[in-house]
Amino acid sequence: MDRILLIEDEATSREILELVLTGAGYTVDTAARAAAAHQQLSSTRYALVIADWLLPDGDGIYLADRAIGLGARTVIITGHVSDLPPGTAQRHRLLMKPTKPNQLLAVVRALIGEPQTGR
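Residues numbered from 1 in each chain as written. Predicted model: local features only at pLDDT ≥ 70, side-chain atom pairs only at ≥ 80, totals over all residues. Heavy atoms only, no water.

Chemist: I tried to follow the nonpolar core on my own but got confused; where do I start?
Modeler: In terms of nonpolar packing, the biggest core is built from 19 residues, with I4, L21, I50 and V108 touching the most fellow members. Counting residues per element, the ones that place at least two in this core are β1 (3-7), α1 (11-23), β3 (48-52), β6 (73-78) and α5 (101-112). Looking at this core element by element, the count peaks at 6 residues for α5. Every residue in contact with I50, bar those within four places of it in the chain, is listed here: I4, L5, L6, I7, L21, V75, I77, L104 and V108. Membership of the second largest hydrophobic core comes to 18 residues, among which are L55, A64, A72 and I76. (Core = buried A, V, L, I, M, F, W, Y, C linked by side-chain atoms within 4.5 Å. Buried < 20%, exposed > 50% of the residue type's maximum accessible area, 1.4 Å probe, protein only. Helix = DSSP H or I, 4+ residues; strand = E, 2+ residues; numbered from the N terminus. Contact = heavy atoms within 4.5 Å.)

The following block contains the structure:
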């Protein structure tokens, strides 16, 4: 299973990250808001959840913690690493904004491997 949930409220960033991931062969669902991400987590099983920390209607860390409970691996993307709550880095992989495509793919591959082929 290589399905990824990408939670990012900024449209351009979300589109770029989705393009990088789908271009590498991963199946990606996206959410711009925490409410939508909660629904997707309730209805679909994900190998990986990539969440922006600060969302207009919620907290990406809370979503990532929920995803761990559902068996997913997690990445938090933020421009404010020094402001993250204590313990965040112990539970989730962290990436700084702006995220470079090769850095994102290296972390994704380390967490869930190469995308499945032959779909």
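Chemist: What is the right way to look at the side chain of T78 in this model?
Modeler: With respect to the helices and strands, T78 occurs in strand β6. Excluding residues that lie within four positions of it along the chain, T78 makes contacts with W53, L84, L95, M96 and K97.

Chemist: Honestly, the pattern of salt bridges in this entry has me stumped. Any pointers?
Modeler: Proximity of charged atoms lets side chains of opposite charge pair with each other. Under the criterion given, the structure shown has 5 salt bridges. For R91, the salt bridge goes to D65, with nearest N and O atoms at 2.8 Å. Residue R91 is located in helix α4 (residues 88-91), and its partner D65 is located in helix α3 (residues 60-69); the two are separated by 26 residues in the primary sequence. In this structure, the salt-bridge partner of E114 is R109, at a minimum N-O distance of 3.3 Å. When salt bridges with common partners are traced through the structure, they connect E8, D52 and K97 into a single cluster. (Salt bridge = Lys/Arg side-chain N within 4 Å of Asp/Glu carboxyl O.)

Chemist: Is there a simple way to think about the sheet that holds β3 in this case?
Modeler: Read from one edge to the other, the open sheet built from 5 strands follows the order β2-β1-β3-β6-β7, with strand pairing classed as parallel. For this open sheet the edge positions go to β2 (27-31) and β7 (93-96), each flanked by a neighbour on one side alone. Between one strand axis and the next, the sheet turns by 20° as a mean value, whatever way the strands run. Across 4 bridges, the pairing between β6 and β7 is parallel. Looking at the pairing, T78 lines up with M96 of β7. Lying over the sheet, α3 contacts β1, β3 and β6, oriented at roughly 170° with respect to β6. (Pairing = 2+ DSSP bridges. Axes fitted to C-alpha atoms, helices over the stretch in contact; angles between N-to-C directions.)

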